[in-house]
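Residue-level structure breakdown
Residue strings, one per chain:
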Amino acid sequence: MDFLTLDLIKENCRIEDYSRDKGKQREIDNNIRKCADKGEKHVYEYIGKTYFDIIKEYGEVPITIMQAALIATADIILYGRAPTENYAFKAILKPYKKDK
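Residue positions are counted from 1 within each chain, in the order its sequence is given. Given that this is a predicted model, residues contribute local features only at a pLDDT of at least 70 and side-chain atom pairs are listed and counted only at 80 or more, while totals for whole chains, interfaces and linings are drawn from all residues. For the side-chain quantities, the full set of heavy atoms in the structure was used; hydrogens and water were omitted.

**Description of the packing of aromatic side chains**
Keep this limit in mind: Centres within 6.5 Å make a pair out of two Phe, Tyr or Trp rings, where for Trp the six-membered ring is used; the pair is then stacked when the planes are under 30 degrees apart, edge-to-face when over 60, and tilted otherwise. Ring-over charges, as used throughout, are those where CZ of Arg or NZ of Lys falls within 6 Å of the ring centre and within 35 degrees of the ring normal.
Counting across every chain of the model gives five aromatic pairs. Put simply, the rings of Phe 3, Tyr 44, Tyr 51 and Phe 52 pair up and form one aromatic cluster. Here the basic side chain of Lys 97 rests over the ring of Tyr 46, its NZ or CZ set 4.3 Å away from the ring centre.

**Here we look at the environment of Ala 91**
For clarity, the cut-off: Helix and strand definitions here come from DSSP, where helices need a minimum of 4 consecutive H or I residues and strands a minimum of 2 consecutive E residues; each element is numbered from the N-terminal end. Burial classes follow relative accessibility: with a 1.4 Å probe on protein chains only, a residue under 20% of its type's maximum area counts as buried, one over 50% as exposed, and anything between as partly exposed.
Within the secondary structure, Ala 91 sits in helix α5 (residues 87-93). Judged by its relative accessible area of 53%, Ala 91 is exposed.

**Examining the pattern of salt bridges**
Two side chains with opposite charge may pair up if their charged atoms get near one another. Our working definition: Salt bridges are identified by distance alone: a Lys or Arg side-chain nitrogen within 4 Å of an Asp or Glu carboxyl oxygen.
Inspection of the entire model under this criterion finds three salt bridges. Among the salt bridges present, the one from Lys 41 reaches Glu 45, with a minimum N-O distance of 3.8 Å. Of this pair, Lys 41 and Glu 45 both sit in helix α2 (residues 22-47), four residues apart, which is roughly one turn of that helix. Each member of the pair, Lys 41 as well as Glu 45, is classed as exposed. Between Lys 49 and Glu 57 there is a salt bridge, and its shortest N-O distance comes to 3.0 Å. Under the relative-accessibility criterion, Lys 49 is labelled buried at 10%.

This is the structure:
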């Protein structure tokens, strides 16, 4: 995860720690992290920029890019699908797309 945090994802998806077994909770958290990596990757692919390109251009990750990554991550966690057909994901990222 480049810019999303576990706490931010859990809050966005309304996921609570629900295992008293620390090993099981660690496994759940690792699965969430994997989904977040995929969510961020979808953002990078859609806009045609890397994390470093974003930081170089904006100085930080714009909140709307973070929101799109959260949408993508939530789609992966909750529905098991990529955000490619999510219109909100596309609309939020449209201004950031790299010119071809």
